[in-house]
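Coordinate inspection notes
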Amino acid sequence: QKHIKLTEIIIENFEDYSTYENLFKDINVAFFCIGVYTGQVPDGLFKIITVNYAVEFAKALERNSPLATICLLSGAGADRTEKSKTSFALYKGMAENQIANLNLKFFCFRPGYIYPVEPRKEPNFGYRIIKFFYPLLKVIGEKYSIKSTELADAIFNVELNGADKQILENQDILKNKNCA
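Each value, and the rule that gives it
Residues numbered from 1 in each chain as written. Predicted model: local features only at pLDDT ≥ 70, side-chain atom pairs only at ≥ 80, totals over all residues. Heavy atoms only, no water. Buried < 20%, exposed > 50% of the residue type's maximum accessible area, 1.4 Å probe, protein only. Helix = DSSP H or I, 4+ residues; strand = E, 2+ residues; numbered from the N terminus. Pairing = 2+ DSSP bridges. Right-handed = clockwise from strand over helix to strand, strands pointing away. Salt bridge = Lys/Arg side-chain N within 4 Å of Asp/Glu carboxyl O. Core = buried A, V, L, I, M, F, W, Y, C linked by side-chain atoms within 4.5 Å. Contact = heavy atoms within 4.5 Å. Phe/Tyr/Trp six-rings, centres within 6.5 Å; stacked < 30°, edge-to-face > 60°. 1 Å grid on protein atoms, 1.4 Å probe; cavity = no way out; pocket = protein on both sides within 12 Å on 5 of 7 lines; lining within 4 Å. Points joined across faces, edges and corners; volume = space filled by probe spheres on them. Expected span 1.5 Å × (residues − 1). Bend = angle between axes of the 7 residues up to and from the residue.

This paragraph deals with the pairing of strand β3 (residues 105–110). Here β3 lies mainly inside the structure; 5 of its 6 residues are buried. Relative to β3, strand β2 (residues 69–73) is paired through 5 bridges, and the arrangement is parallel. Looking at the pairing, Thr69 lines up with Lys105 of β3. Crossover β2 to β3 through helix α2 (residues 87–100) is right-handed.

Written as structure tokens, this is what we have:
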């Protein structure tokens, strides 16, 4: 896309922002939403993407805009005790802990299944099943799923208005949508 207010920057290494420090200056809020589905990459790379990428981004933000707010897209089941036997929960918890220990205002979003409102190819069979049963998931309750548009709306609204807690589970995220 081309727009006068849009600058495309291609970052080669998400573990080293040293050549991009100026991009992190005078930032009020940053959103970190990069991730990968469990099983799509080897475990070592999954950890690098989930933990290292997020933490290095937050550290660059802290160095250059220490008054900034960071909003991290984590996931339901993240384990801050770092004792989980599942990579997803363990690594999400590790990223949350390391970012929470920085001197930034921090909000962590832990959605359940994110229902895509735009068509997409589901990454695996499990997600295809969940998408098929999404209407039933919605009926069961607010703990298990959220539309992608609701999630984006809530993250934006929390950035604008704050929240009463640092960790927002699926039902908390839903309470923060449409409140701007």
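For the structure shown, the criterion picks out 6 salt bridges. The residue Glu21 makes a salt bridge to Arg63 at a minimum N-O spacing of 2.7 Å. Of this pair, Glu21 sits in the segment before β1 (29–32) while Arg63 sits in helix α1 (residues 43–64); the two residues are 42 residues apart in sequence, bridging distant segments of the chain. Measuring nitrogen to oxygen at the nearest pair gives 2.9 Å for the salt bridge that ties Glu169 to Arg110.

Side chains that are nonpolar tend, in soluble globular proteins, to be buried together. Phe32, Phe57, Leu61, Ile70, Ile99 and Leu104 are the most contacted members of the largest nonpolar core, which has 25 residues in total. Other than its neighbours up to four places away in sequence, Ile99 contacts Ala54, Val55, Ala58, Ile70, Leu72 and Phe106.

Moving on to the packing of aromatic side chains. What the rule picks out here adds up to 6 aromatic pairs. Ring centres of Phe24 and Phe57 lie 5.3 Å apart, and the angle between their planes is 70°; on these two criteria the pair is classed as edge-to-face. Here Phe57 lies in helix α1 and Phe24 lies in the segment before β1, a separation of 33 residues in the sequence. Overall, the relative accessible area of 15% leaves Phe57 in the buried class. In this structure an aromatic cluster arises from ring pairing among Tyr17, Phe24, Phe32 and Phe57.

Moving on, we come to the layout of surface pockets. Empty space left among the atoms is revealed by rolling a probe the size of a water molecule over them. What the second largest pocket holds in volume is close to 300 Å³. Contributing to the lining of the second largest pocket are 14 residues, with Leu23, Phe24, Ile27, Ala30 and Phe57 lying nearest its centre. Sort the elements by how many residues they give to the lining of the second largest pocket and β1 lands first, with 4 residues.

With 22 residues, α1 should cover 32 Å at 1.5 Å per step; its first-to-last C-alpha distance of 31 Å lies within 8% of that length. At Asn52, α1 shows its largest kink, close to 25°. Phe46, Ile49, Thr50, Val51, Tyr53, Ala54, Val55, Phe57, Ala58, Ala60, Leu61 and Asn64 are the residues of α1 that are buried.

Below, the discussion takes up unusual backbone geometry. A positive phi angle, near 60°, is found at Asp26, a position not held by glycine. Here Asp26 shows up in the segment before β1. We classify Asp26 as exposed; its relative accessible area is 75%. Positive phi, close to 60°, is recorded for Glu82, a residue that is not glycine. Relative to the helices and strands, Glu82 is located in the loop between β2 and α2.

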